[in-house]
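Remarks on the overall topology
Take a look at the letters that make up each chain.
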Amino acid sequence: MIAQLLATWIPALLIALSGVMKLSGNSKILEAMTMLGVRRYVPLLGVMELKFATLFVIPATFKLGFVLASCYFAGAIATELSHDDLKVNPFIPIVLLWIGAFIRDRSVFF
């Protein structure tokens with residue numbers, strides 16, 4: 001029970017925090033997003049992260065939140081790779097998301 005709660009809330013809060021930081025106009029995030037060529041989409045990306053975290057937490061939409069967040073962070077990894085600027089930042093949420101989903105409901109992988 002506690003493991004499932006942690007497996008759900010740790011990735012969700014991390015993703016939501018990332019979304020809030022994008023919406024707050026954090027200068028370091030804006031600078032990094034400008035280098036990647038997605039500066040004008042930062043508010044949209046922040047809203048998407050908040051929605052994906054919410055979907056992941058709600059039991060009825062857990063699988064949808066998992067798939068959408070996984071695709072989002074895979075896209076973040078691909079974007080960084082395409083600019084030769086790969087960092088660990090998008091790997092942390094996706095790894096926690098996948099571990100959390102595995103602990104919460106293994107059927108999501110089958």
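That block above? That's the structure.
If you're wondering where the values come from, they're calculated on a predicted model, not measured in any experiment.

Rules and cut-offs
- Residues numbered from 1 in each chain as written.
- Predicted model: local features only at pLDDT ≥ 70, side-chain atom pairs only at ≥ 80, totals over all residues.
- Heavy atoms only, no water.
- Helix = DSSP H or I, 4+ residues; strand = E, 2+ residues; numbered from the N terminus.
- Expected span 1.5 Å × (residues − 1).
- Buried < 20%, exposed > 50% of the residue type's maximum accessible area, 1.4 Å probe, protein only.
- Contact = heavy atoms within 4.5 Å.
- Axes fitted to C-alpha atoms, helices over the stretch in contact; angles between N-to-C directions.
- Parallel < 35°, antiparallel > 145°, perpendicular 65-115°, else oblique.
- Left-handed = near helix turned anticlockwise from the far one by under 90°.
- Nonpolar A, V, L, I, M, F, W, Y, C, P; charged D, E, K, R; others polar.
- Phe/Tyr/Trp six-rings, centres within 6.5 Å; stacked < 30°, edge-to-face > 60°.

**As for helix H1 (residues 2-24)**
For H1, built from 23 residues, the straight-helix expectation of 33 Å at 1.5 Å per residue is met to within 8% by its first-to-last C-alpha distance of 31 Å. Of the positions making up H1, those classed as buried are Ala 7, Thr 8, Pro 11, Ala 12, Ile 15, Ala 16, Ser 18, Gly 19 and Lys 22. Packed against the buried residues of H1 are helix H2 (27-36), helix H3 (42-57), helix H4 (62-82) and helix H5 (91-104). With its phi angle positive at about 80 degrees, Gly 25 sits one or two positions after the end of H1.

**Section: the packing of H4 against H5**
Viewed as axis vectors pointing N to C, H4 and H5 meet at an angle of 155 degrees, and their least axial separation amounts to 9 Å. The angle between H4 and H5 falls in the class roughly antiparallel. For the crossing formed where H4 meets H5, the hand is left-handed. Seen from H4, the contacting residues are Phe 62, Phe 66, Ala 69, Ser 70, Phe 73, Ala 74 and Ile 77; seen from H5, they are Phe 91, Pro 93, Ile 94, Leu 97, Trp 98, Ala 101 and Arg 104. Taken together, the residues of the contact of H4 with H5 sort by class into twelve nonpolar, one polar and one charged.

**Here we look at the packing of aromatic side chains**
Where two aromatic rings form a pair, the distance of their centres and the angle of their planes describe that pair. Inspection of every chain in the model, using the stated rule, returns seven aromatic pairs. For the pair Phe 66 and Phe 109, a centre-to-centre distance of 5.5 Å together with 75 degrees between the ring planes defines the contact as edge-to-face. Here Phe 109 lies in the segment after H5 and Phe 66 lies in helix H4, a separation of 43 residues in the sequence. The exposure class of Phe 66 is buried, given its relative accessible area of 5%. Since its relative accessible area comes to 30%, Phe 109 is described here as partly exposed.

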